[in-house]
Structures are given as structure tokens and as C-alpha cells.
Amino acid sequence: MPEITPAKIERRRRITHEQAEQLLRSREDLLDDGLTDRSLREQVAGGSLHRVRRGHYVATRTWKSLWPEGRHLLHIIAVCRDASAPPVLSHVSAAVVRGLPLYRLEPKRVHVCVPLPRHAGSASDVLRHELDLDDEDVEEIAGIRVTSAARTVLDVARTLQAEAALSIADAALGSAAVTRHQQDPELAASWRGDLEQRLDAVRGRPGARKAGRIVAFADGRAQLPGESVSRLRLHRLGFRNVDLQVRIPAPDGRSFYCDFGLDDINSFGEFDGLGKYLDPSTRGYQNVEEAVVEEKWREDWVRGTTRRGMLRWGGEHIGTVRAFASRLAAFGVPFTGDLRLDRRRLR
């Protein structure tokens, strides 16, 4: 079981579009509330107000409490408010508006599209992309225009590192094809086919081959970015028989689900994000202590009824392939000198 200590607890929260709109205050809003330009500057300098961009502010305490997705959403709204015409957001900015996760990313610039062949320079906090978009490539979410789900996945898959790109692709596929831990094969095939068709149009361009690998490897059953990255690490370490969201019959007709079925080593794997224990929206009616006890009882049941081992790891273990291999080796998983699963020692 994970050891939950104060040093590991990072209490952050997510916000909706509506909450972001309410939290973001303009200079005019603050002046109407009785501040002066001088007191506004003093509050920014003193650390009680955070400037999202020129003329747009949020309480520093609120800013520090948000995940990167929430911070970027505030930045997006500020840019949209300042725009002379509604922009079309793309890349990670479109992903955030769509509710897709950012794995170890905190964007400093908002990504917007400009139609070809117009040449418009980028700003210090806005990155403009010259993209030729069809009408079907643009959608509106909560009053913000963004690239379509497929176009967004393709753009991030071409431009981001594999870990961040796969996290977004998995989440997008999950939204399109997964219900109650199960991925619909036909819906998943349709999603993948759409992306592959789009990839055919960008063959030879930078990042296209990497994007193809991301699309082929995506699996919507990954419920967290940490699970997406864990699966990528497992693959690179030589695991080939990996299943996701493995159902285990539980007492009273219920079902337990393990994040990973590691058939190569006859074990299950669990990515232990602390949200499982600390986030009220995840643990439901339970307090932290009850959630930990429940998880311990669940693990004992799975071990006892399946006669398989249980490996656990957290976000601190998946930063690199080597770090993840070290964590698995602590459970007795054998690796070769080049950090590949040693199948000779498994026999």
C-alpha cells in the first residue's frame, strides 16, 4: 500500500469553464471593486494577486491550488477576451478546453490558428500556427472555438513528447469508445481509422511517424495520464502481454478492476495516484483512512482469489524507464543489462 505522508500530499483542484470565467478578474473588474492601479500593482508585487496576462488577474492562492490544466484554461480565457475576433485554439490549448489531461506540462503560451496563407506573428504568450482548417476541423465548446477532437490529437501527437501525447490520445479515445471499463472495438477502430486517414495527408512532415505510433498504441481504457505513461514504460521494458482494467469477481456480485494485467509475470499492476485517496470526487463518501483500508482489503481479496502478485507504483516511479525498472525490480521482476524483461529468468 502507498505511504501517504504530508510531504507527498499535493492538494490541487480542477475547475470547470464556468468557474474559470468567474475566477478570472479583469483590471476593470478590480477597479470597480475599489482597487486603484497603484493598489493593484502592490497586490501583484506582494503576492496576493497573480497576473495571468496583462489586464487579467486571479487570486494567487487560487492560482497555486490549480492543476496546470486549470491554470492554462484561465490563460486561454484571458486571451479570448482580448482577441478582436474569436480565435480557433489548437494543440495543447484545444486539448485543455476539451478536458484532456496534460502530463507534466504547464504551457506558457496559448496556441491559436491562423488561416493560410496569412502570416501573423506570435506574441510572448500566444503561439500562432498557420493551419489550413476545414469547417469540420473546428468546433465550439463553452463558447470557445477549438480544433476538432481528431485534429487536436493529431497535432499534439506530432509535436509533444510521447508521454504527454499518449496521455492525451488515450483520454480522447476513452471519451469516444470506452464505457464502464470496456472499450468498444468498433468505435475504437473508427477513431483510429479517422486518425490514420488524417495521418496519410501529413506523411513526411515533422512528427508524422511518431504520431502514427501514438495513434496505433493508444488505448482508451487508461484512466489517468499516469496509467498511460506506465503502459508506455512497460512496453519499452519488454512487457508484451499487458491488459488494462482487468475485471476480478468480488463479493456480493461486485467487480474489482486492476489497472494492469501483467501476464508476462503472472501479476497485476496498480498505478497509485494519490487522487485515489485524497480527491473526494474519487473516493466518494469515504475519508482518507477508510479509502486506504478499503484498498488494502481489495488487494488482499485479489491476491487470495487469483493467486497472482500485485505490483504498485506511483507518479514518482514513472519519470524515466530506468526509474520504473528500478521500482519493478524491487518486486523481483528480472531485467537484462539493457533494461529489458529477462524472459529466460521467468521460465
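These figures come from a predicted structure and were not determined experimentally.

## Focus: helix 11 (residues 225-236)
1) Next: In this model, helix 11 (12 residues) spans 17 Å end to end at C-alpha, consistent with the 16 Å of a helix rising 1.5 Å per residue.
2) Next: Burial runs high along helix 11: 10 of the 12 residues are buried.
3) Next: Regarding helix 11, the residues found buried are Pro225, Gly226, Glu227, Ser228, Val229, Ser230, Arg231, Leu232, Arg233 and Leu234.
4) Next: Just downstream of helix 11 lies Gly238, where phi reads positive at about 100 degrees.

## Some thoughts on the side chain of Arg198
1) Next: By the secondary structure assignment, Arg198 is in helix 9 (residues 185-200).
2) Next: When neighbours within four sequence positions are excluded, Arg198 is seen to be in contact with Glu136, Asp137, Ser148, Ala150, Arg151 and Leu154.

## Re the packing of helix 7 (residues 149-159) against helix 8 (residues 162-177)
1) Next: The contact between helix 7 and helix 8 brings their axes to 9 Å, and the two run at 160 degrees. It follows from the interaxial angle that helix 7 and helix 8 lie roughly antiparallel. For the pair helix 7 and helix 8, the sense of crossing is left-handed. Contact with helix 7, carried on its side by Val153, Val156 and Ala157, involves Ala165, Ile168, Ala169 and Ala172 of helix 8 and no other residues of that element.
2) Next: Residues belonging to the contact of helix 7 with helix 8 are distributed by class as follows: 7 nonpolar, no polar and no charged.

## Examining the pairing of strand 12 (residues 255-262)
1) Next: For strand 12, the buried fraction is high: 6 of the 8 residues fall into the buried class.
2) Next: Pairing of strand 11 (residues 242-249) with strand 12 involves 7 bridges; the strand directions are antiparallel. Paired with Asp243 across the two strands is Gly261, which belongs to strand 12.
3) Next: Between strand 11 and strand 12, which follow one another and run antiparallel, lie 5 residues, and Asp252 among them has a positive phi close to 60 degrees.
4) Next: In textbook terms, the turn of a hairpin is the stretch between consecutive antiparallel strands, and for strand 12 and strand 13 (residues 267-271) this stretch comprises 4 residues, one of which, Asn266, has a positive phi near 55 degrees.

Cut-off values and rules
Residues numbered from 1 in each chain as written. Predicted model: local features only at pLDDT ≥ 70, side-chain atom pairs only at ≥ 80, totals over all residues. Heavy atoms only, no water. Helix = DSSP H or I, 4+ residues; strand = E, 2+ residues; numbered from the N terminus. Expected span 1.5 Å × (residues − 1). Buried < 20%, exposed > 50% of the residue type's maximum accessible area, 1.4 Å probe, protein only. Contact = heavy atoms within 4.5 Å. Axes fitted to C-alpha atoms, helices over the stretch in contact; angles between N-to-C directions. Parallel < 35°, antiparallel > 145°, perpendicular 65-115°, else oblique. Left-handed = near helix turned anticlockwise from the far one by under 90°. Nonpolar A, V, L, I, M, F, W, Y, C, P; charged D, E, K, R; others polar. Pairing = 2+ DSSP bridges.

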